[in-house]
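Commentary on secondary and tertiary structure
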Amino acid sequence: MSRIPEVEAALRPDLRGRTAYGAPQLDVAVQLNTNESSYPVPGEVIADALDRLRTDLEGLNRYPDREFSSLRAALADYLAMQSGVRLSPAQLWAGNGSNEVLQHLVQAFGGPGRTAIGFTPAYSMHPIIAETLGTRWVDGQRHAESFDLDVDSAAEQVRACDPDLVLLCSPNNPTGTALPFAAIETVLAAAPRAIVVVDEAYAEFARPGTRSALELLGDHHRLVVTRTMSKAFTLAGARLGYLAAHPDLVDALRLVRLPYHLSTPTQAVAEVALRHAPALLATVDAIKAERDRLVEELAAMGLRPVPSDANFVLFGGLADAAETWEALLAAGVLVRDIGIPGHLRVTAGTPEETSRFLEAMGDLVPEHLDHAQRPADRPAAHRHHGGTS
Ligand SMILES: *Cc1c(COP(=O)(O)O)cnc(C)c1O
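Not measured: the values here are computed from a predicted model.

A look at helix H6 (residues 151-161)
Of all the positions in H6, only Val151, Ala154, Ala155, Val158 and Cys161 are classed as buried. With its buried residues spanning 140° around the axis, H6 presents them on a single face. Across H6 from its buried face, at more than 90 degrees, point the exposed residues Asp152, Glu156, Arg159 and Ala160. Looking at the buried residues of H6, the elements they touch are strand S3 (115-120), strand S4 (136-141), strand S5 (165-169) and helix H7 (182-190).

Points about the sheet that holds strand S9 (residues 304-305)
The strand order across the open sheet built from 3 strands is S9-S10-S12, with neighbouring strands paired in antiparallel fashion. This sheet does not close on itself; its edge strands, each paired only once, are S9 and strand S12 (344-347). Bridge analysis of S9 against strand S10 (residues 312-316) gives 2 bridges, and the strand direction is antiparallel. Residue pairing for S10: Pro305 is matched across the bridge by Phe315. This element, helix H11 (residues 284-300), spans S9, S10 and S12 of the sheet and lies at about 15° to S10.

Some points on the sheet that holds strand S8 (residues 241-244)
Pairing within the open sheet is mixed, and its 7 strands lie in the order S2-S8-S7-S6-S5-S3-S4. With one partner strand each, in any of the chains shown, strand S2 (92-95) and S4 form the two edges of the open sheet. Across the sheet, the mean angle separating the axes of adjacent strands is 25° when strand polarity is ignored. Relative to strand S7 (residues 223-228), strand S6 (residues 195-199) runs parallel, the two sharing 4 bridges. By the bridge assignment, Val196 is partnered in S7 with Leu223. In the packing of helix H3 (residues 69-83) onto the sheet, the strands contacted are S2, S7 and S8, and the crossing angle to S2 comes to about 110°. Strand contacts of helix H4 (residues 98-109): S2, S5, S6, S7 and S8, with the helix running at about 155° to S7, the strand carrying the most contacts.

Digging into the site of the ligand
Around the ligand sit 13 residues, and of these Ser98, Tyr202, Thr228, Ser230 and Lys231 come closest. Within the contact set of the ligand, an oxygen atom lies 2.7 Å away from a side-chain nitrogen or oxygen of Asn173. Within the contact set of the ligand, an oxygen atom lies 2.6 Å away from a side-chain nitrogen or oxygen of Ser230. Grouping the amino acids of the shell around the ligand by side-chain chemistry returns 4 nonpolar, 6 polar and 3 charged.

A look at the nonpolar core
Most often, soluble globular proteins keep nonpolar side chains buried together rather than apart. Counting 111 residues, the largest nonpolar core has Val166, Leu298, Phe357 and Met361 as the members making the most contacts within it. Of the residues that make up this core, three or more belong to each of domain 1 (5-40 + 282-364) and domain 2 (43-280). Once residues lying within four places of it in the same chain are set aside, the contact partners of Met361 are Leu298, Met301, Leu303, Phe315, Leu318, Thr324 and Leu328.

What to know about helix H2 (residues 43-58)
Side chains of residues three or four places apart in an α-helix project in the same direction, reflecting 3.6 residues per turn. Counted at 1.5 Å a residue, the expected span for H2 with its 16 residues is 22 Å, and the 23 Å between its end C-alpha atoms agrees. Within the sequence span of H2, burial applies to Val45, Ala49, Leu53 and Asp56. In this structure, the buried residues of H2 make contact with helix H9 (264-275) and helix H10 (277-280).

Details of the environment of Gly97
As for its position among the elements, Gly97 is in the loop between S2 and H4. A C-alpha to C-alpha distance of 8.9 Å links Gly97 and Arg227, two positions 130 residues apart in sequence. Excluding its chain neighbours within four sequence positions, the residues that come into contact with Gly97 are Arg239, Leu240 and Gly241.

Digging into the UniProt feature "domain: Aminotransferase class I/classII large" (unreviewed entry) in the chain
Feature annotation in UniProt assigns "domain: Aminotransferase class I/classII large" (unreviewed entry) to the following positions: residues 30-360. Along residues 30-360 the backbone is 39% helical and 15% strand, and the end-to-end C-alpha distance reaches 11 Å.

What to know about empty space enclosed by the protein
Across all of its chains, the model carries 1 cavity of 30 Å³ or more by this definition. The computed volume of the largest cavity comes to approximately 40 Å³. Around the largest cavity, the lining residues are Phe119, Ala122, Arg142, Leu149, Leu167, Leu168, Cys169, Asn172 and Leu179. Looking at the lining of the largest cavity residue by residue, the class counts come to 7 nonpolar, 1 polar and 1 charged.

Rules used in this analysis
Residues numbered from 1 in each chain as written. Predicted model: local features only at pLDDT ≥ 70, side-chain atom pairs only at ≥ 80, totals over all residues. Heavy atoms only, no water. Buried < 20%, exposed > 50% of the residue type's maximum accessible area, 1.4 Å probe, protein only. Helix = DSSP H or I, 4+ residues; strand = E, 2+ residues; numbered from the N terminus. Arc of directions from axis to C-beta. Contact = heavy atoms within 4.5 Å. Pairing = 2+ DSSP bridges. Axes fitted to C-alpha atoms, helices over the stretch in contact; angles between N-to-C directions. Near = heavy atom within 4 Å. Polar contact = N/O pair within 3.5 Å; in protein donor to acceptor, adjacent residues only side chain to side chain. Nonpolar A, V, L, I, M, F, W, Y, C, P; charged D, E, K, R; others polar. Core = buried A, V, L, I, M, F, W, Y, C linked by side-chain atoms within 4.5 Å. Domains from an automatic or database assignment. Expected span 1.5 Å × (residues − 1). UniProt positions renumbered as here; feature names shortened; annotations may be inferred. 1 Å grid on protein atoms, 1.4 Å probe; cavity = no way out; pocket = protein on both sides within 12 Å on 5 of 7 lines; lining within 4 Å. Points joined across faces, edges and corners; volume = space filled by probe spheres on them.

Dropping the structure here:
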């Protein structure tokens, strides 16, 4: 965009020419572009939240609990239930979305003169958060066809840049696959000074047998696991993300956060939601079933879906991703063009939404398929993977 000269001249030189994060927010019937849940918050959760807010709103003359102590205890209880790993409340930290807790991590452990590495394609906010805080970003690479991250290659790339921060993403957005579990300890060893972050925003959608990096926290004091209530918890609008790490690492984040960063209503809504975790997570199985259906049906159309441990599917095999994106939009379906040639990403919605997308895609396939790519050239598009539960 063009800015008035006064603003452009005053802007930090390293920010000039940058474009802001911008998944389009369009008023379209079927919105499958930002991996939100398609399911509304259940009535029982709303009723309890309103009860709680009635008392809390009266107290808004006071600042919120700066240490959000009861929320931390509730998060620790949830993780024990979800992953089997029992952590103390002092190991939990929360922010306005996991984007904010990632920002706290970069503020405390990155910054000017420091280096962070991630493995592209991964979450587009990782380099944005690192670089806007003055951290040098190293674009590590995944396998160009399968998007897998080979453990040895990850170690080698990390060793080559001797980073202060490593940002891993598992299950990975936008590709959908979880990292090999061994990659985490290998990377910790290859980056002997670094804080190693595993972004597990989609952990609740992982296929059976996928292990969480939470299991490694007891042995590794430079390891951080981030999670969010934006996806499986169907609470993207509440803005509540969190992390788990060693208590001393968590304590260091108090140096950079703004005081009272979590509002009283945010803490209240999150605590109520955590009490209702089973009700809020009840749609996870249905979403996983739609995800697996997307993988199967897209493959049957001759497209190339990547197996997924998340609530979305990345697929390739398109002649021109931008053209297909436009054509889907014209058909009333919003998906995500994440800038990988020939690929689009689609969120698993309700069965009806998923059908709307698949029907629209089916209509487009004859004209939009990349016919230049002979089937023999393709990597295994549809590796078999467990059930849907
Ligand atoms: C969606 C997403 C998040 C969530 O960010 P919030 O700020 O918690 O809404 C974090 N990491 C990844 C990889 C994501 O895809």
